Every structure is written in structure tokens, then in C-alpha cells.
Amino acid sequence: MNIKIIILFVAASVFFMLFADLVSWQEQAAPGKLSKAHASLANNCAACHTGVKGIEDAKCISCHADSKALLERQPTAFHAYVGNCSSCHIEHQGADANLRVMNHEVLAQMGLDIISGGKDIPVLSKNALIPPDHPHVSDLVSRLDCASCHGTKDKHVGLLGQNCASCHATNKWTITEFQHPSVRSITCVQCHQAPPSHYMMHFEMIDKQIAARDNTQGNGCCAGVIVSQCYSCHKTTAWNDIQGVGYYKHH
């Protein structure tokens, strides 16, 4: 063998061994920095990855399964069922990466995959509630049961049913197409529920007194007003816009 080739081979071997001491194989293979939350695992690929198989959900669950804060909150309780972590929580995007970006398309697909395996999952509705070709909601996302995760955030307290996507979408909560009924409308209770204080003495002793006007004006305010007559005290601009008073915040 040519002596020059032997020298080059030996030199390359020595250089590789020295280089390997400075940079581990894990650092050479990493596709990017881990987020701050997982920074301590930067030199321990095996904590999440398995040779040939890749990322295993069981390894994620071994660290996060006892997260009561996650499983006891309605919006995140579904994590107890999906068992598929890496589809939503994607790592190696940098130290400041946000691992909590919600992808409803992925969630719906995971739900369908679970159902196809013979299991049930609460985040999917038994029947699609949204008609095809909805302008803001895909057919896949329409299979999600919005109330299973967002029921505690329903400001309509069930008055408008569970078909949230008839007005809302996953990419934007406020729908610009929505038109509030006329300011002269007196059917507020079809969509709005009064707060608990209105069903207590607070309504008689405080609320009515704040909005009270001289009954001699013939406007009916406020002695005979009942809770369902929202329009007698409130304006459609905001609940805190009280007739004859303007903006008022008492809580």
C-alpha cells in the first residue's frame, strides 16, 4: 500500500477520534436545538428517541403522565386519550419554540385513527354538526366536539347549543359576518344569560338602584323590571353600558 495513503488514513483516524471527543455523535445528528423546556435533554437523545423507531410516545408519557394540571383542566383533559405527542408537540425548532401550538386538524385526525382502532374518544362528536363546505371549518375539523374542550369557556352557557362552529372557527374566534340584532331588540335572553348575582338580592338592592330612573317618565324602570328584561338596563354596545348611566363597572 502506498505510504502516503497509509499516512493520510492514520491522520484521518486520529483527527476523527480527537473531533469525536469534542463533538458527540448526538450533537452531529441533532436537527436543531431543543426548546428551553427540554434543554436538559440536549445530550440525551435516548430520552425521547429509540433507534430505528424514532420518537416513542411512551417516553413522553413517562415524564408527563402525572401532570394533574394538564389532565384536570377541561381544555387539555383530552391528553389522557390521544397518546400521540409528537404530532402536535414538535421539537428541535429552537430554544424559543412554542410547543403548545394547537392544531385542530391533527387532533381530529388522531381521533379518527383512534376510532378506527375500535376505541372511543370524547373530543369527537358522534355525528358531524357542521354542513359540508363550511367557509371557516374543514370537514375534518367539523368532526370535533367543541364543547368537550371549551364548555367552560362558553359565554352563552349552553343557550345556543353545542354547534359552536355555526358562528366560530378554529382559526378565529370572532366571526366578522355575525350581525347583532337591532338595538331595539327585546329578546336578549335568547342568547345571553344573566350573571348569578342577578338571581339574588344583589339585583334588587344594587343593580336596579344603579340603573333606576324616575318612574314618572313612563319608561317602566326599574321597580317592575325582572331579570329577563336585559334591555331595560343594558345597551348592546357593552354589558357595562348602563342606560342613563354610561360605562359602569361594579365588580
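Residues numbered from 1 in each chain as written. Predicted model: local features only at pLDDT ≥ 70, side-chain atom pairs only at ≥ 80, totals over all residues. Heavy atoms only, no water.

*Asks:* Talk me through the overall build of the chain; I want residue IDs and the actual numbers.
*Replies:* When its secondary structure is counted, the chain shows eight helices and five strands. When its helices and strands are written in sequence order, the chain yields α-α-β-β-α-α-α-α-α-α-β-β-β. Split into buried and exposed, the 251 residues of the chain put 21% on the buried side. Contacts spanning at least 24 positions in sequence make up 50% of the contacts within the chain whose residues lie at least 6 apart. Of the accessible surface of the chain, which amounts to about 17,700 Å², a share of 61% is contributed by carbon and sulfur atoms. (Helix = DSSP H or I, 4+ residues; strand = E, 2+ residues; numbered from the N terminus. Buried < 20%, exposed > 50% of the residue type's maximum accessible area, 1.4 Å probe, protein only. Contact = heavy atoms within 4.5 Å. Areas by Shrake-Rupley, 256 points an atom, 1.4 Å probe, with all protein chains shown as cover.)

*Asks:* Describe the environment of Ile186, and please don't skip the residues or the numbers.
*Replies:* Tracing the sequence through the fold places Ile186 in the loop between α7 (146-150) and α8 (201-211). Note on Ile186: relative accessible area 53%, which makes it exposed. Separated by 46 residues in sequence, Ile186 and Ser232 have C-alpha atoms that sit 8.7 Å apart.

*Asks:* An account of the state of the cysteines is needed here, citing residue identities and associated values.
*Replies:* Using the criterion set out here, one finds zero disulfides in the structure. The thiol of Cys60 is not disulfide-bonded; the next cysteine sulfur, from Cys85, is found 4.2 Å away. A residue is classified by how much of its surface remains accessible, and Cys60, at 19% relative accessible area, is buried. With no disulfide of its own, Cys88 has Cys85 as its nearest cysteine by sulfur position, at a separation of 9.1 Å. (Disulfide = S-S within 2.5 Å.)

*Asks:* Describe the environment of Ala65, naming the residues involved and giving the relevant values.
*Replies:* Mapped onto the secondary structure, Ala65 falls in the loop between α3 (57-64) and α4 (68-71). Given the relative accessible area of 43%, Ala65 is considered partly exposed. Spatially, the C-alpha atom of Ala65 lies 8.2 Å from that of Ala80, the residues being 15 residues apart in sequence.

*Asks:* Can you explain the pattern of salt bridges? Please cite residues and give values.
*Replies:* A side chain with one charge may pair with a side chain of the opposite charge, provided their charged atoms come close. The final tally for this structure, using the stated rule, is three salt bridges. The partner of Asp96 in a salt bridge is Lys36, and the shortest N-O contact between them spans 3.2 Å. Remark: Lys36 occurs in the loop between α2 (25-29) and β1 (49-50) and Asp96 occurs in the loop between α5 (79-82) and α6 (104-116); sequence separation between them is 60 residues. Considered together, Asp96 and Lys36 belong to a single accessibility category, that of exposed residues. The salt bridge involving Glu204 is made with Lys208; its shortest N-O contact spans 3.3 Å. Here Glu204 pairs with Lys208, and both are found in helix α8, just four residues apart, close to one helical turn. By relative accessible area, Lys208 is classed as buried at 6%. (Salt bridge = Lys/Arg side-chain N within 4 Å of Asp/Glu carboxyl O.)

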